[in-house]
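# Close look at the chain arrangement
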Amino acid sequence: MQSKATNVDEYVASLPEDRREAISALRKVILKNLPKGYEEGMQWGMPSYFVPLSAYPSGYNCQPDQPLPFVGLASQKNHMAFYGFCIYMDEALKNRFVENWRKTGQKLDMGKSCVRFKKLEDVPLKVIGDAVKRVPMKKYIKQYEEQLQQTSTAKKVSKKRAATKKTAKKKAAKKK
């Protein structure tokens, strides 16, 4: 659920007490472990931590006017979520994150880049802090650009394959 809050403090203050406590605890851990250069603000109606446009003017490829997201927090309808954009771009970091989370005995409800939870006790805060602090901004930008390149290259290869198949079908049809 997107909030209409204009800043993180306003967002947190608007939450019910139990969610305010959980989101505040995660925010505190993120801020404590956030590498130099990232900024806190609101993106897409949720508290976000991102590479500012002043450091990476290209912004987020889907929305170039938006800073490159790094991690985020949200209170959704049926759960709360930690969005670890930095985790899904780095297989080793993702594996470490999952392994460390499971070592705590806590249930991990994880999507591609989001970890869903119902209460603060479900979240091993040290695991969140460890993941956040492991990705300095320059490394994150490099990983992001490599992902974009791979995606761009994959699209080009896919288009070439489709064109080749189409040409082969036309040649086969002419021979008949």
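Our subject is the structure listed above.
Rules used in this analysis
- Residues numbered from 1 in each chain as written.
- Predicted model: local features only at pLDDT ≥ 70, side-chain atom pairs only at ≥ 80, totals over all residues.
- Heavy atoms only, no water.
- Buried < 20%, exposed > 50% of the residue type's maximum accessible area, 1.4 Å probe, protein only.
- Helix = DSSP H or I, 4+ residues; strand = E, 2+ residues; numbered from the N terminus.
- Pairing = 2+ DSSP bridges.
- Phe/Tyr/Trp six-rings, centres within 6.5 Å; stacked < 30°, edge-to-face > 60°.
- Salt bridge = Lys/Arg side-chain N within 4 Å of Asp/Glu carboxyl O.

Counted residue by residue, strand S2 (residues 46-51) has six buried out of six residues, so it is predominantly covered. Of the two faces of S2, the one carrying Met46, Ser48 and Phe50 and the one carrying Pro47, Tyr49 and Val51 are both buried. In this structure, strand S1 (residues 39-43) lies alongside S2, joined through five bridges in antiparallel fashion. Bridging from a neighbouring strand, Glu39 pairs with Phe50 of S2. Counting the residues between successive antiparallel strands, the hairpin from S1 to S2 contains two residues, one of them, Trp44, with a positive phi of roughly 50°. Direction of pairing for S2 relative to strand S3 (residues 68-75): antiparallel, over a ladder of four bridges. By the bridge assignment, Tyr49 is partnered in S3 with Val71.

Another aspect to go through is the packing of aromatic side chains. Under the defined criterion, the tally for this structure stands at seven aromatic pairs. Ring geometry for Tyr38 against Phe70: centres 3.9 Å apart, planes inclined by 20°, an arrangement best described as stacked. With Tyr38 in the loop between helix H2 (17-33) and S1 and Phe70 in strand S3, this pair connects stretches of sequence that are 32 residues apart. For Tyr38, a relative accessible area of 8% gives the class buried. Under the relative-accessibility criterion, Phe70 is labelled buried at 0%. Each ring, one from Tyr83 and one from Phe85, has its centre 6.3 Å from the other, and the planes form 15°; the classification is stacked. Accessibility expressed as a relative area gives 14% for Tyr83, which makes it buried. Given a relative accessible area of 14%, Phe85 falls into the buried group.

A separate point is the pattern of salt bridges. What the rule picks out here adds up to nine salt bridges. Note that Asp9 is salt-bridged to Arg27, the shortest N-O span being 2.8 Å. Residue Asp9 is located in helix H1 (residues 8-13), and its partner Arg27 is located in helix H2; the two are separated by 18 residues in the primary sequence. Here Glu99 makes a salt bridge to Lys103, at a shortest N to O gap of 3.3 Å. You can see Glu99 and its partner Lys103 sitting in helix H4 (residues 91-103), four residues apart, about one turn around the helix. We classify Lys103 as exposed; its relative accessible area is 63%. Put simply, Asp9, Arg27 and Glu40 are held in one network by salt bridges that share partners.

Nothing here speaks to function; it is geometry throughout.
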